[in-house]
Amino acid sequence: MTVQTFVPSISRATEIASSQPDLARTDVPVKRLYIETQGCQMNEYDSSRMADLLGDSHGYVLTSDPGEADVLLMNTCSIREKAQEKVFSELGRWRKFKEANPNVIIGVGGCVASQEGEVIQKRASYVDMVFGPQTLHRLPQLLDQHQENKAAPKSQKISLIDISFPDIEKFDFLPEPKVDGYKAFVSIMEGCSKYCSFCVVPYTRGEEVSRPLDDVLAEIVSLTEQGVREVTLLGQNVNGYRGETFDGDICNFAQLLRLVSEIPGIGRIRYTTSHPLEFSDDLIAAYADLPQLVSHLHLPVQSGSNAVLAAMKRNHTIDVYIDKIARLRQVRPDMHLSSDFIIGFPGEGDTEFAETLQFIKDLDFDHSYSFIYSKRPGTPASELPDDTPEDVKKVRLSQVKDVIKRSSIDKTNAMLGQTVRVLIEKPSDRHHDMLIGSADNTRLVQFVGDSSWIGRFAEIKITQIRSMNLVEGELLNLEALSS
């Protein structure tokens, strides 16, 4: 499980503070907000919106130090093994902050909160509020209710748990997004209706609901006005997007990509995460037509065995996946492919694993998110018999990671002498005369340049390979700002 602190840059913190004149007064203490983000990019997006929301409503300024925070928020993820126990372990550490300062407010959000709402407050009574992924927009009200609770008699105190599934209303109550940098996430849909047997998303984030088209486009326009050049469209089943248009029609994902590509300032489009069944012919055609759409695709497959895929209720076969990738690579021969693999799923024997390993070699994946299967409470797969020893699963996972790492190294080495398009993002930390940017294939590229170029795209010829994820090159062309 990935754990991140939502850390503002100095310029972002200054922007928030300067927009609130009272914060400059010496007699008004700055209120600090600390957010720990676990798991996926959807949670990263949600954490950024929590920060925007509480900055606007209550004047909170982000901090990277939990010890100085007035409000501690944990945005949880329930995908990986023992996710709940990891939440309670971290809450145990946060309890010390509460003991040192009883006025500290602790909140738990995200998917674990959605699953374990009442359990959290029973096991950790010092947690002040619990909220789900679809109710984060109610944080200001929860904070106000918490203050009212403190003043109320014990008999009148209420439990602050809001883990309901309102129909995507949260986006109507969130402020304009604020960014610091040239990349941004944009959530275009919530939930999932695929009901794969191992997955908790339908139970923690609800059924699949798409945001209206105009709302998505308006958010992206707002981001470009703040200097954003690259957007990543987010959803649990992002290519299943079906957004309502202003005239009551429905816009599919391929159509959305075409509309986003027409927004001035957008030079690069990514998306995650997608499902093979929704990877349509229209989407493949978009790759042929839209240069803004990167030659990098994350398309989870989970297993290379049809028997295991059936047990996972993925509702597609390996042949379907292979056919879609083959047709995509016909229009984008330079496509870099990444995926998700669950190793040791119930019923995966030596034969099924061998099929998965051969499939990974044949498809030549660039990288993956691979992990050993762990039961998620409430999912159909949790009832399946699992008799594969843990040490066997660990060996299999190591084999998968080794194959994909070798493929990734080979792809980086193949960049030598190539010309790549790079979004210039910042000065190099180590070399003051060099800049750092990202290529379509996610590699970092450093080259000699002027800091005034930051935020622009450039064509860079790769001259050296520094590591698996870092290459060096020389400038060939600097794209105009209007590109």
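Residues numbered from 1 in each chain as written. Predicted model: local features only at pLDDT ≥ 70, side-chain atom pairs only at ≥ 80, totals over all residues. Heavy atoms only, no water.

Okay, the overall build of the protein next. A tally of helices and strands in the protein yields 14 helices and 22 strands. Over its C-alpha atoms, taken along the principal directions, the protein stretches across nearly 70 × 60 × 50 Å. The burial tally for the protein puts 53% of its 483 residues in the buried class. Partitioning the contacts of the protein with sequence separation of at least 6, the portion at a separation of at least 24 is 72%. (Helix = DSSP H or I, 4+ residues; strand = E, 2+ residues; numbered from the N terminus. Buried < 20%, exposed > 50% of the residue type's maximum accessible area, 1.4 Å probe, protein only. Contact = heavy atoms within 4.5 Å.)

Read around the barrel, five strands follow the order S18-S19-S20-S22-S21 and close on themselves; strand pairing throughout is mixed. Sheet twist, expressed as the mean angle between neighbouring strand axes with direction ignored, is 55 degrees. Examined bridge by bridge, strand S19 (residues 434-439) and strand S20 (residues 444-448) share five bridges and lie antiparallel to one another. If you follow Met434 over to S20, its bridge partner there is Val448. (Pairing = 2+ DSSP bridges. Axes fitted to C-alpha atoms, helices over the stretch in contact; angles between N-to-C directions.)

Okay, the environment of Val301 next. As for its position among the elements, Val301 is in the loop between strand S15 (296-298) and helix H11 (306-311). For the pair formed by Val301 and Tyr321, sequence separation is 20 residues and the distance between their alpha carbons is 7.6 Å. In this structure, Val301 is in contact with Leu309, Arg314, His316, Ile318, Tyr321, Ser339, Asp340, Phe341 and Phe359, ignoring residues within four places of it in sequence.

On to the side chain of Asp52, then. Relative to the helices and strands, Asp52 is located in helix H2 (residues 41-58). Asp52 gets classed as buried once you look at its relative accessible area, which sits at 3%. In terms of polar contacts, Asp52 uses its side chain to reach the backbone amide nitrogen of Lys178, at 3.2 Å. (Polar contact = N/O pair within 3.5 Å; in protein donor to acceptor, adjacent residues only side chain to side chain.)

Three- or four-residue spacings in an α-helix give side chains the same orientation, since the helix completes a turn every 3.6 residues. Spanning 13 residues, helix H5 (residues 139-151) covers 19 Å between terminal C-alpha atoms, matching the ideal 18 Å at 1.5 Å per step. Here H5 has its buried residues at Leu139, Pro140, Leu142, Leu143, His146 and Asn149. Contact partners of the buried residues in H5: H2, strand S3 (60-62), strand S4 (71-76), strand S5 (105-109) and strand S6 (129-131). (Expected span 1.5 Å × (residues − 1).)

Here we come to the packing of helix H13 (residues 350-363) against helix H14 (residues 390-413). Following both chains from N to C, one finds H13 and H14 inclined at 10 degrees, their axes separated by 10 Å at the closest point. Here H13 lies roughly parallel to H14, going by the angle between them. Taking contact as the criterion, the partners of Asp350, Phe353, Leu357, Ile360 and Lys361 in H13 are, on H14, Arg396, Gln399, Val400, Val403 and Ile404. When its residues are assigned to classes, the contact of H13 with H14 shows six nonpolar, one polar and three charged. (Parallel < 35°, antiparallel > 145°, perpendicular 65-115°, else oblique. Nonpolar A, V, L, I, M, F, W, Y, C, P; charged D, E, K, R; others polar.)

Moving on, we get to the packing of helix H10 (residues 281-289) against helix H12 (residues 318-331). Close contact between H10 and H12 brings their axes to 8 Å; oriented N to C, the two are set at 25 degrees. When the interaxial angle is binned, H10 and H12 end up roughly parallel. Note that H10 runs across H12; the crossing there is right-handed. Between H10, through Asp281, Ile284, Tyr287 and Ala288, and H12, the contact on the second element is made entirely by Lys324, Arg327, Leu328 and Val331. By residue class, the composition of the contact of H10 with H12 is five nonpolar, no polar and three charged. (Left-handed = near helix turned anticlockwise from the far one by under 90°.)

Taking strand neighbours across the sheet as the criterion, the three strands line up as S15-S16-S17 in an open arrangement whose pairing is parallel. A strand with exactly one partner marks an edge of an open sheet, and here the two such strands are S15 and strand S17 (367-372). In this sheet, adjacent strand axes meet at a mean angle of 10 degrees when their direction is disregarded. One ladder, built from three bridges, connects S15 with strand S16 (residues 336-343); its direction is parallel. Within S16, the residue paired with His296 across the bridge is His336. The strands that H12 touches are S15 and S16; relative to S16, the one it contacts most, it runs at about 165 degrees.

From the geometry alone we can't say anything about function, so treat these as descriptive.
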